[in-house]
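In case you want the letters, here they are:
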Amino acid sequence: MTSHLHALRLDANDPHRLARFWAGFLDWELTDDSHGDLVLLPNDDTGFRIGFRATREQKSGQNQLHFDLTSRSLDDQQRTVARALELGARHLDIGQGEVSHVVLADPNTLDYQF
């Protein structure tokens, strides 16, 4: 028997804000699921959803998850980073030094790279 990744679920203090950010950034459909959580439905062959669940628990340490996203070219990378910043992302220095990728934090401060 094989497992199949159905959804990646993230806890967030402001799930609406975070879900809107990722829906806008990934251009995925934002909807509610049967449990009252927000869910992003991919419009490509990604094969899994991203869910957002409300929590009152405050972040207490470094994120254990980050997204590695890619761009087709340097120009595409620059447009992608600009779009992320417009949607509420911010640059993040994690000591990466001189590298070809850009490290950003989303509105829930999840770290991800382009």
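Since the model is a prediction, treat every value here as computed from it, not as a measurement.

A. Inspection of the side chain of aspartate 33 at higher detail. Note on placement: aspartate 33 falls in the loop between β2 (29–32) and β3 (38–41). Take aspartate 33: its relative accessible area is 17%, and that puts it in the buried class. Side chain to side chain, aspartate 33 and arginine 9 meet in a polar contact 3.4 Å long. Filtering out sequence-adjacent residues up to four positions away, aspartate 33 remains in contact with Arg9 and Val39.

B. Representation of the pairing of β2. The sheet contact formed by β2 and β3 spans four bridges and is antiparallel. Opposite aspartate 32, over in β3, you have leucine 38 as the bridge partner. Linking β2 back to β3 in an antiparallel pair, the connection comprises five residues, with glycine 36 at a positive phi of about 85°.

C. Quick peek at the packing of aromatic side chains. Under the definition given, this model contains three aromatic pairs. A ring pair is formed by phenylalanine 21 and phenylalanine 25, whose centres lie 6.0 Å apart and whose planes are at 0°; its orientation type is stacked. Here phenylalanine 25 and phenylalanine 21 lie together in helix α1 (residues 15–26), a separation of four residues that amounts to about one turn. Side by side, phenylalanine 21 and phenylalanine 25 carry an identical accessibility label, which is buried. Their ring planes at 90° and their centres at 5.8 Å tell us that tryptophan 22 and phenylalanine 25 sit as a pair that is edge-to-face. One end of the pair is tryptophan 22 and the other is phenylalanine 25, both in helix α1 and three residues apart, which spans about a single turn. This pair shows no difference in class: tryptophan 22 is buried, exactly as phenylalanine 25 is. Pairwise contacts between aromatic rings join Phe21, Trp22 and Phe25 into one cluster.

D. Representation of the sheet that holds β3. What the four strands build is an open sheet, ordered β1-β4-β3-β2; its pairing is mixed. Looking at the sheet topology across the chains shown, the edges are occupied by β1 (7–12) and β2. The average undirected angle you get between the axes of adjacent strands in this sheet is 25°.

Rules and cut-offs
Residues numbered from 1 in each chain as written. Predicted model: local features only at pLDDT ≥ 70, side-chain atom pairs only at ≥ 80, totals over all residues. Heavy atoms only, no water. Helix = DSSP H or I, 4+ residues; strand = E, 2+ residues; numbered from the N terminus. Buried < 20%, exposed > 50% of the residue type's maximum accessible area, 1.4 Å probe, protein only. Polar contact = N/O pair within 3.5 Å; in protein donor to acceptor, adjacent residues only side chain to side chain. Contact = heavy atoms within 4.5 Å. Pairing = 2+ DSSP bridges. Phe/Tyr/Trp six-rings, centres within 6.5 Å; stacked < 30°, edge-to-face > 60°. Axes fitted to C-alpha atoms, helices over the stretch in contact; angles between N-to-C directions.

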